Amino acid sequence: MQTQNILGFNFIRATNQEFQKKLIQRLDQQKNTFVVTANPEIVMYALAHPRFAKLIKKADYITPDGIGIIYAGKKLNLPLKERITGYDTFLYLLTQAQTKHLKVLFYGAKPDVISAVKTKITKSYPKIEVVGAFDGYLKDDQPVKKCLQETQPQLVFIALGSPKQEEFINQNFKTTSAIWMGIGGSFDAFTGKVKRAPKFIQKANLEWCYRLVTDPKRFKRYLAIPRFLKVVKRAKKDIVQR
Ligand code: UDP
């Protein structure tokens with residue numbers, strides 16, 4: 001799959017459809033696959049934490065999850081095709097899991113949310129085999145590890161937020177051959193605890209703005225965006241001067 005190296009990270013240059021096709025191929029071939037869905041905040045964290053940067057560079061695919069990454073691609077003359085979010089990929093993989101009767105493990109979010117995830121899956125995707133559904137506030141993640149070993153799921157969704165979710169995947173990647181994906185707040189969106197922006201707002205590239213207005217507690221996290229834009233500007237200057 002074609003990639004563009006943006007600020008040191010190889011983002012896939014693909015449409016959602018092309019990426020989904022690739023994932024299905026790998027699923028059918030039982031290839032172990034680590035997907036990172038990265039937004040500007042994750043990139044900024046990685047730039048400040050070399051160990052984390054090294055870890056996400058090990059991923060098989062880094063997708064541009066966040067309009068800021070698409071913007072950076074444009075600005076640096078390294079165009080990407082479109083935004084590929086963790087949430088959309090999660091929903092797509094669930095439909096595939098239903099068709100193919102896959103074994104799926106869910107780990108993350110608050111206890112009431114994960115329990116609602118389980119209920120919704122049983123109702124809306126009855127052919128999925130839920131091998132485990134663990135909340136993300138366990139004192140000890142041993143039961144999750146044991147479940148991975150014993151049940152060998154084909155899809156593993158980790159919703160602990162970044163960097164926890166990528167660190168968990170990195171540590172446990174060898175336990176089963178699956179598609180592993182860190183999906184942040186996706187369980188909250190899936191169960192309606194957090195509303196995703198309406199489609200027209202998503203299309204206007206303003207989903208980040210919607211989330212900020214509906215959840216002002218996220219304000220501090222948004223400070224990563226102007227810092228990210230500054231780094232992109234500097235990188236652009238470096239290219240021009242070379
Ligand atoms: N979370 C968790 N365990 C923790 C910290 C966070 O399970 O120790 C969950 C939290 O409940 C939420 C998700 O991780 O469901 C992180 O959501 P966030 O909005 O930070 O992710 P984003 O979608 O912005 O990447």
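In this report, the structure presented in the accompanying data block is examined. (Residues numbered from 1 in each chain as written. Predicted model: local features only at pLDDT ≥ 70, side-chain atom pairs only at ≥ 80, totals over all residues. Heavy atoms only, no water.)

### Brief notes about the pairing of strand β7 (residues 155-159)
Turning to step 1, where the next piece is worked out: In terms of burial, β7 is largely enclosed, as five of its five residues are buried.
Turning to step 2, where the next piece is worked out: The alternating pattern of β7 places Leu155, Phe157 and Ala159 on one face and Val156 and Ile158 on the opposite face, and all of these are buried.
Turning to step 3, where the next piece is worked out: When strand β5 (residues 103-108) meets β7, the two strands line up parallel, connected through five bridges. The residue of β7 that forms the bridge with Val104 is Leu155.
Turning to step 4, where the next piece is worked out: Here four bridges tie β7 to strand β8 (residues 179-182), and the two strands are oriented parallel to one another. The residue bridging Val156 from the neighbouring strand is Trp180, located in β8. (Buried < 20%, exposed > 50% of the residue type's maximum accessible area, 1.4 Å probe, protein only. Helix = DSSP H or I, 4+ residues; strand = E, 2+ residues; numbered from the N terminus. Pairing = 2+ DSSP bridges.)

### Observations concerning the packing of aromatic side chains
Turning to step 1, where the next piece is worked out: As enumerated under the stated definition, the model contains 14 aromatic pairs in all.
Turning to step 2, where the next piece is worked out: The interplanar angle of 75° and the centroid separation of 5.2 Å between the aromatic rings of Tyr45 and Phe52 together place this pair among those described as edge-to-face.
Turning to step 3, where the next piece is worked out: A relative accessible area of 3% means that Phe52 is categorised as buried.
Turning to step 4, where the next piece is worked out: Residues Tyr107 and Phe134 carry aromatic rings whose centres are separated by 6.5 Å and whose planes lie at 90° to one another, so their mutual orientation is edge-to-face. Of this pair, Tyr107 sits in strand β5 while Phe134 is found in strand β6 (residues 129-134), placing the two residues 27 residues apart along the sequence.
Turning to step 5, where the next piece is worked out: You can call Tyr107 buried: its relative accessible area is 5%.
Turning to step 6, where the next piece is worked out: An aromatic cluster of at least three residues, connected via ring pairs, comprises Tyr87, Phe90, Phe106, Tyr125, Phe157, Phe187 and Phe190.
Turning to step 7, where the next piece is worked out: It is Lys57 that lies over the ring of Phe9; its NZ or CZ is 5.2 Å from the centre. (Phe/Tyr/Trp six-rings, centres within 6.5 Å; stacked < 30°, edge-to-face > 60°. Lys NZ or Arg CZ within 6 Å of the ring centre and 35° of its normal.)

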